Amino acid sequence: MRVLNISQMRDADERAIREVGVPSDALMENAGRQVVAAMQRQWPTLNSCRVAVVGGKGNNGGDGFVVARVLAASGVEVCVYLLSPIGEIDGDAAAKLSELRSVDVPVHEVVEPEEWEGHLKAIAGSDVIVDALFGTGLARPLEGRWRTVVVDLNRCGVPIVSIDVPSGLSADTASLSGDSIDAKLTVALGAPKLPLLMSPAAARAGELVVADIGIPESVIDSVVGPRVEVITRAWARTLVVPRLADVHKGDCGRVVLVAGSTGKSGAACLAALGALRAGAGLVTVATPRSCQPIVSAWMPEYMTLGLDETIGGTVRAEAVEAILGESCDVLAVGPGLGRGPEVTDLVRTLVRDSQVPLVLDADALSAFADDAPELRGRDGRDLVITPHAGEMARLVGTTVEQVQARRIEVAREFATTHQLFVVLKGARTVVATPAGAVWINLTGNPGMATGGTGDLLTGVVSAWMGQLLDAELACCLGVFLHGLAGDLAAARHGEVALVAGDVGDYLGPAVLNLCDPSARDELLVLQPVGASHLGT
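About the criteria used
Residues numbered from 1 in each chain as written. Predicted model: local features only at pLDDT ≥ 70, side-chain atom pairs only at ≥ 80, totals over all residues. Heavy atoms only, no water. Salt bridge = Lys/Arg side-chain N within 4 Å of Asp/Glu carboxyl O. Helix = DSSP H or I, 4+ residues; strand = E, 2+ residues; numbered from the N terminus. Pairing = 2+ DSSP bridges. Contact = heavy atoms within 4.5 Å. Axes fitted to C-alpha atoms, helices over the stretch in contact; angles between N-to-C directions. 1 Å grid on protein atoms, 1.4 Å probe; cavity = no way out; pocket = protein on both sides within 12 Å on 5 of 7 lines; lining within 4 Å. Points joined across faces, edges and corners; volume = space filled by probe spheres on them. Nonpolar A, V, L, I, M, F, W, Y, C, P; charged D, E, K, R; others polar.

A.B. asks: I'm lost on the pattern of salt bridges in this one. Help?
C.D. replies: Side chains that differ in sign of charge can pair as their charged atoms come close. Counted by the stated rule, this structure contains 25 salt bridges. Between Arg18 and Glu19 there is a salt bridge, with the nearest N and O atoms lying 3.4 Å from each other. The partner of Asp179 in a salt bridge is Arg147, and the shortest N-O contact between them spans 2.6 Å. Of this pair, Asp179 sits in the loop between strand E6 (160–163) and strand E7 (185–189) while Arg147 sits in helix H6 (residues 144–155); the two residues are 32 residues apart in sequence, bridging distant segments of the chain. Via salt bridges that share partners, Glu29, Arg33, Arg69, Lys96 and Glu99 belong to a single interconnected network.

Structure below.
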């Protein structure tokens, strides 16, 4: 599902009106009706609730007028508080206000600060508040009375439903630049917006619902500009196809993992577990000879290759010939590999000479920390890197805080400049492609912030690369299933007690869950309900 910025959303609206023939007032009508449908889903007893709609003079306010009218028609006690002079409202919003005033819904014009103070107690006494102030129409941080209104609404302690974007957030960035509505539910209109998906702004959105308001998917898909997508369950499900009856292990991908060092053999084992549980037909762990007995004893299902090692227990650079001599479809390098000049030489030689797709993680990325320009993909061979924020910061020469503040931009810039795939791990893992596309993953939980989960992901992505033979699809499916396994494991063990091995054990159930049509989607897409003006 595509994520749109402000200009892209406006373009989609205009094209739906101009090229498809969807009336602009129908888009507003659909938006309001869909918000009501989302509210009814969230609160089954909504009809017995008191609802306060707090609106502005723009289209977001117009959506709020429709919400109020539809709620009133359902028997809900609703009251509208208009924070702009009625005379300043025009266009479709004015038409919807006229329709609202024709029914028995109180509309209070609240312009002066003392008027706001006079109505605040009644608003705070509501059961639900609808935020129809700004939506995507805000270009700067809230100031003055608008900031006061938002702060007061948050302090009411009443659940707030935001239309499109919580007022106070910018629809073009996930950063927080001031006060904003802390919503219980946000109904994104037409397409999700970036702050609803990425931290820290996503924490203000509450539960997210994406509402179809009548803009054809083809219009949204063809809008020009930055390409950002959400990895949805429905899309990921299409990538997992039943295996043929006569399939053999060689058809399911052969993965070689170059991993482990003295004291870090567990990283190699977890990466191998990830590869096996993600469906790789053959997995070989290439590890220092002193680690080989430990790695071999952990699981009987993978093979091992003992490598020459340094006195410190890391792989020697000369071991590169033995690694390149192993037949495989995917070569993954890095988990628990350790650091030092020998490891750096080994990794750089593998990147230069390997003819099969490569996945680099952890210590393999440190080999390029001081010379990132040398880390580049090439025609005919895909290169995937899977850094966490700290590793990404070292590659681009910045701080973790700066990477976290610009996760999408940092991942995209590095992927396009270096012509490789970036899997930037963390809350809402991001996948960026050499062509500049970005994917956002919604699965996963804070319990996965524990040692070894990244090593597991290396194996998962490598296995799916061996099966799908497409790096972009493998990265997206890999992070989705890895996060989903973490969610299933957390439901069983809790987030605090979660360890990487638990996540690995749930990779199989994650595939079953993905393919279960009754399983709940991570991102709810609300199809048209009760709208009579949907475009064709």
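A.B. asks: Got a minute to help me understand the sheet that holds strand E14 (residues 358–360) in this structure?
C.D. replies: Where strands meet in a sheet, backbone hydrogen bonds hold them as pairs that are either parallel or antiparallel. Spatial strand order, E1-E9-E18-E17-E16-E15-E14-E13-E10-E11-E12: eleven strands in an open sheet with mixed pairing. A single partner strand is all that each edge strand has here, and the edge strands are strand E1 (2–3) and strand E12 (303–307). Its contacts with the sheet place helix H9 (residues 265–277) against strand E10 (254–258) and strand E11 (282–288), and it is angled at close to 170 degrees to E11. In the packing of helix H18 (residues 471–493) onto the sheet, the strands contacted are strand E15 (383–385), strand E16 (421–424), strand E17 (430–432) and strand E18 (438–440), and the crossing angle to E16 comes to about 10 degrees.

A.B. asks: I'm lost on empty space enclosed by the protein in this one. Help?
C.D. replies: Where empty space is left in the structure can be found by rolling a water-sized probe over the atoms. The tally for this structure, following the rule as stated, stands at one cavity of 30 Å³ or more. The calculated volume of the largest cavity comes to roughly 30 Å³. Those elements that place two or more of their residues in the lining of the largest cavity are helix H13 (363–366) and helix H14 (389–396). For the lining of the largest cavity, the leading source of residues is H14, giving three residues. For the lining of the largest cavity, the residue count by class is four nonpolar, one polar and two charged.

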